[in-house]
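Summary of structural features
Now for the letters of each chain:
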Amino acid sequence: MHETNWKENAKWLVGEFLKVFYNPIGVFGGFTDAFRGWKFSRSWVRFWFHFPSVLILVAIFVAFGFSLLGREDTRIQSLLAEGEKHYSTGDLETSIDRNVEADFCKAAGLVPIEWNESSRKPLTKLTIRFVELLSKRILSIRPDNPFAYYRLGLIHSLTGKREEALSEMTQLASGSLGEWPQANAWLAKDLLRRRCVGDEIADNEIIKQLEKASKWRDVDPRLKTLHSRMLEDAGDNDGAIAVAKQAAVSRPELNVELARLYSRIGNQDELRAAANAAEDYFIKRINSPGEKESDRLAISEVRKLTNRLDAAAEILADSLDRKKGGAASRRELSEVQLMIFRKSIYSTAAGVYRADLSILEKAAETDSLNPSVSAAIAGLLKMKLKPTDKLREYLKSHRDKDITSSTTHLLLGDALYAMGNQKEASKNWEQAISKDPKNISAMNNLALGWAKSDPTKIDKSLAMLDKALAISPENSELLDSLGDVLALAKREKEAIVKYEQSLSVEQTRIETMRKLKKLFQSQGREDKAKAMTKRIEALERQKEEQSKELLGGSIP
Amino acid sequence: MNELNANDIADSTATEVVRKKPSAWVEILFLSLFAAAVAAGWRFWADWLSVRDQSFFTFCMIVGLCVAMVRSSREGEVTAMRLWIGSGFYAISAIALALSFGSGSAIASVFALGFAILGWGLIRFAGESPQHAIGLGLVCLLPLAISNLVSTEWLDWLESTAVAFTSRLADTFGMSHVREESRILFEKGIADRFSCQGSWDSVIAFLGIALACILGFRRNFIPAIATLLGTVAIWIALRGCVWVTLVYLGSQNETWVAWSPGLELVALGLGALFIVNWDGFWGSIFEPIPFEYINADFPLVAFLWNWFCSLPKLAVRVPHRETDFGPTEEDF
């Protein structure tokens, strides 16, 4: 055994290495021999047996490598197409619209829109998640892609992540990623929803979003209708008509909204045209397989608007006969019959009212639970018309079932008060207020009733009137009543102020003028009383002339 | 003149084999150290073995060590009996054990166990170079190394890389999918459940198979490294392929989707086949050049190759040509 150390090892290695310079042929031979030696000593069977696994692995990594070569834009395009394939943006919008319909559409009383259900894919949790992640993936590649941003916002909106959706839509609506009116439409809907749940949202804010949203060709037509309503409220009737017409062009059923608008404005010619267009559309729908109860209701409504009450009743009765209509049709028919009944009311020369009570009975029979029926019966009592036994039964039944409206109790209270039954009258007015805490007529009558019947209740009466005035501060009737109560409380100066306020709101209140004149006289202010007398006389003359012109003395 | 040749170097570094039967004390001492180390680190081992893939890894490691020992014993009837190195490691093990009992450190107990096995292997492993024997013993420290890796972000990074790979692969094959952190959601809702740890198809389980191959086939350092690194690549590629294939099948036929629960074991089986094949491939590539094929005029290339392939063994034999030029003119 030869003992070596590191010096000898190194010497041997250097010696071998130096052969590169002085024996290159030998070195080359060493290389080739080593390779041959390596080659001949291999087990090639073993090599080829094991080689496929390496080949497969290399192939997989080559396939992976190909994916790295794709262009970013192409990738985004394919991802966007993939997202659309899974759940189209239109379907997402429709899903949201359907979901929020209950939130703002019902509150706004819009004509329901017919959705094409067959083309919409079912939206499962998995689809939502997939589409959400797909949008996120696109945004991870290109954070300023507005389409992915919009889709993400829609999904967040669908899944109830409102804050996230709001932030995304606000950013899109701001235009920082380019013009995106769809986001403005979403924001407008959101504002409308918020207003429906009680948030204070200014019309201007919504109109601003709606105007931007109108640049979107496929904007929800209901939004256009709401836009139209807001413009109408703002006094821009021409703008309102233009927008409502656009909505009616995109969805013919919205001609009903247009007809409503013309009806409110009082444009009879255009009202007829819009009503006819709406009726034509809905007539085509009825008796078809896709017929819905709302179709006949819409026809009934436009007929009502154009004062064709019998025709409106006819279509609804037909609907009920064919068993196509349900509770809504029944209620609507009852309402139409009530309208026909109201038209049948007239007063004789002696000031006695007459009406065809059989129509009211028919309305009650059509929908025995319609609160408007009991209100109409109570109205009969107020007009000192004696209801039939059947109608009395209906009124009793409504009271027992507690389906009477606030108006019913108000009218009953008025009638009972006129009959001298102060106690029952107050009871009914209180019921009217409990059913509608904003029923200022009931508050007014109750306050007056208390003040006149019991001087100890004057403070209570004043408090009630203050409450009513808080709801409607510019109400001339309430101001007049407040003057009455203050006069009863011997607070004449304050009463004069209230009467004057009432007259400043409504300058044709003769009764208020008379009360004011009386107070001026009691206060010794004769000049004011005389001026008031002149004013009363002038107004009486004016009214007399007007009634002559209008009626020509032909009251039946 | 005493000529220096490569064989002198090889012979000089060869361990001097003391051929005698090991004393029973070697076994007694080893068993004592082993039992004490396991007792001291029972909490570590209980935690370690409570995870499915980690227990599978340990099983593969033990199988690999047993096969390595059986195969090494075939090369010589008598053990190498590297008593002095083995005793040294026994001493280190005893110190680590004392530290473990003193400080309550589980890590020290695992070290103690590793060094006890290392010492025992050095004494008992027949036909192995000391370097190989040390390498085999160090394998016992792998659970500790892996448990440390688990607590770092390395596995998260690996998981993320694997998911990115699967995602790219799915892109290449036009599979609808989206990525959500370390999960992939495919069109039919099949989410990638592969993970780096805790399941049958985890990278730890795959590494266990690779370790069994390395130990069982007694690979040297370089093929072992190739196998281990290749195993990670196999794991990444296989998980991607399995999911992409599964989703493709799922998109053709809904019933295939139901197949996914058994996927872990199928993936493990496929992975095992790939790893064994891969290990065999590199094993066949990194074989040393036989002595008879080495050019005695310039043995350096073959020497370096054989040295490279035989790592961690530091000495290889090369032929040496005795050059005799005969009498020269000067001699006359």
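Residues numbered from 1 in each chain as written. Chains lettered and ligands numbered in written order. Predicted model: local features only at pLDDT ≥ 70, side-chain atom pairs only at ≥ 80, totals over all residues. Heavy atoms only, no water.

A look at the overall build of chain A
Helix and strand counts for chain A stand at 28 helices and 2 strands. Within chain A, the fraction of its 556 residues that count as buried is 46%. Within chain A, contacts between residues at least 6 apart in sequence are counted, and of these 55% link residues at least 24 apart. Accessible surface computed for chain A: about 29,400 Å², of which carbon and sulfur atoms make up 54%. (Helix = DSSP H or I, 4+ residues; strand = E, 2+ residues; numbered from the N terminus. Buried < 20%, exposed > 50% of the residue type's maximum accessible area, 1.4 Å probe, protein only. Contact = heavy atoms within 4.5 Å. Areas by Shrake-Rupley, 256 points an atom, 1.4 Å probe, with all protein chains shown as cover.)

Overview of the overall build of chain B
Helix and strand counts for chain B come out as 13 helices and 2 strands. In chain B, buried positions account for 49% of the 332 residues. Counting only contacts in chain B whose residues sit at least 6 apart along the sequence, the fraction spanning at least 24 positions is 73%. Accessible surface, chain B: about 15,700 Å² in total, of which carbon and sulfur atoms supply 64%.

Brief notes about the pattern of salt bridges
Residue and element names in this part refer to chain A. Summed over all chains, the structure comprises 40 salt bridges over all chains. Across the pair Arg260 and Glu257 runs a salt bridge, and its minimum N-O distance is 2.9 Å. Note that Arg260 and Glu257 are positioned in helix 13 (residues 255–265) at a spacing of 3 residues, about one turn of the helix. As far as the burial class goes, Arg260 and Glu257 line up, both buried. Salt bridges sharing common partners tie together Glu477, Asp480, Asp484, Glu506, Arg509 and Lys515. (Salt bridge = Lys/Arg side-chain N within 4 Å of Asp/Glu carboxyl O.)

Remarks on empty space enclosed by the protein
All names here are of chain A. Throughout the structure, instances matching the rule amount to 1 cavity of 30 Å³ or more. The computed volume of the largest cavity comes to approximately 30 Å³. What lines the largest cavity is Thr225, Ser228, Arg229, Ala244, Glu257, Leu258, Leu261 and Arg264. At the level of elements, helix 11 (221–233) and helix 13 are the ones that each hand at least two residues to the lining of the largest cavity. A per-element tally of the lining of the largest cavity places helix 13 first, with 4 residues. The class makeup of the residues in the lining of the largest cavity is 3 nonpolar, 2 polar and 3 charged. (1 Å grid on protein atoms, 1.4 Å probe; cavity = no way out; pocket = protein on both sides within 12 Å on 5 of 7 lines; lining within 4 Å. Points joined across faces, edges and corners; volume = space filled by probe spheres on them. Nonpolar A, V, L, I, M, F, W, Y, C, P; charged D, E, K, R; others polar.)

Observations regarding the interface of chain A and chain B
Chain A puts 47 residues into the contact, and the matching count from chain B is 55 residues. Surface buried jointly by chain A and chain B totals about 4,700 Å² across both partners, of which 69% is contributed by carbon and sulfur atoms. Put simply, chain A and chain B have 0 salt bridges between them. Scanning the region where chain A abuts chain B turns up 5 residue pairs in polar contact (both at pLDDT 80 or more). Put simply, the parts of the chain that give the side of chain A that touches chain B at least two residues each are helix 1 (6–22), helix 2 (24–41), helix 3 (44–67), helix 4 (72–86) and helix 6 (125–141) of chain A. (Buried area = accessible area lost by both parts, 1.4 Å probe. Polar contact = N/O pair within 3.5 Å; in protein donor to acceptor, adjacent residues only side chain to side chain.)

Quick word on the state of the cysteines
Residue and element names in this part refer to chain B. Evaluation of the coordinates by the stated rule reveals 0 disulfides over all chains. Sulfur of Cys213: no disulfide; nearest cysteine sulfur belongs to Cys60 and is 8.7 Å away. With a relative accessible area of 5%, Cys213 lands in the buried category. (Disulfide = S-S within 2.5 Å.)

Overview of the confidence of the model for chain B
All names here are of chain B. Mean pLDDT for chain B: 75, with 74% of residues reaching 70 or above. When mean pLDDT is compared element by element in chain B, helix 10 (residues 203–216) scores highest at 89, while helix 1 (residues 6–13) scores lowest at 45. Across residues 1–19 the pLDDT falls below 50, and counting only partners more than four positions away or on other chains, this stretch makes 40 contacts in the model. Predicted complex, confidence summary: ipTM 0.72, pTM 0.59. (pLDDT = per-residue confidence, 0-100.)

So, the environment of Asp233 of chain A
Residue and element names in this part refer to chain A. Along the chain, the position of Asp233 falls in helix 11. Since its relative accessible area comes to 61%, Asp233 is described here as exposed. Separated by 30 residues in sequence, Asp233 and Asp203 place their C-alpha atoms 9.1 Å apart.

Quick notes on helix 6 of chain A
All names here are of chain A. With 17 residues, helix 6 ought to run about 24 Å at 1.5 Å a step, and its terminal C-alpha atoms sit 25 Å apart, in line with that. Counting buried residues in helix 6 gives 12 out of 17 residues, a clear majority hidden from the surface. Thr127, Ile128, Phe130, Val131, Glu132, Leu133, Leu134, Ser135, Arg137, Ile138, Leu139 and Ile141 are the residues of helix 6 that are buried. (Expected span 1.5 Å × (residues − 1).)

Brief notes about unusual backbone geometry
Even without being glycine, Lys384 of chain A reaches a positive phi, approximately 60 degrees. On the secondary structure map, Lys384 of chain A appears in the loop between helix 19 (371–382) and helix 20 (389–401). With phi around 50 degrees, Arg218 of chain B is a residue other than glycine that occupies positive phi space. For Arg218 of chain B, the location among the structural elements is in the loop between helix 10 and helix 11 (221–252).

Section: the packing of aromatic side chains
The tally for this structure, following the rule as stated, stands at 28 aromatic pairs over all chains. For the pair Trp44 of chain A and Phe47 of chain A, a centre-to-centre distance of 5.1 Å together with 70 degrees between the ring planes defines the contact as edge-to-face. Note that Trp44 of chain A and Phe47 of chain A are positioned in helix 3 at a spacing of 3 residues, about one turn of the helix. Judged by relative accessible area, Trp44 of chain A falls into the partly exposed class, the value being 35%. Centroid distance Phe51 of chain A to Phe281 of chain B: 5.9 Å. Interplanar angle 40 degrees. Geometry classified as tilted. Residue Phe51 of chain A is located in helix 3, and its partner Phe281 of chain B is located in helix 12 (residues 263–285); the two belong to separate chains. Here a set of aromatic residues connected by ring pairs shows up, and it is made of Phe35, Trp38, Trp44, Phe47, Trp48 and Phe51 of chain A together with Trp278, Phe281, Trp282, Phe286, Trp305 and Phe308 of chain B. Positioned above the aromatic ring of Trp450 of chain A is the side chain of Lys460 of chain A, whose terminal nitrogen or guanidinium carbon lies 4.4 Å from the ring centre. (Phe/Tyr/Trp six-rings, centres within 6.5 Å; stacked < 30°, edge-to-face > 60°. Lys NZ or Arg CZ within 6 Å of the ring centre and 35° of its normal.)

Overview of the side chain of Thr166 of chain B
Residue and element names in this part refer to chain B. Structurally, the position occupied by Thr166 is in helix 9 (residues 154–172). With a relative accessible area of 0%, Thr166 lands in the buried category. At a separation of 2.8 Å, a polar atom in the side chain of Thr166 contacts the main-chain carbonyl oxygen of Ala162. Within the structure, Thr166 has its side chain in polar contact with the side chain of Arg239 (distance 3.4 Å).

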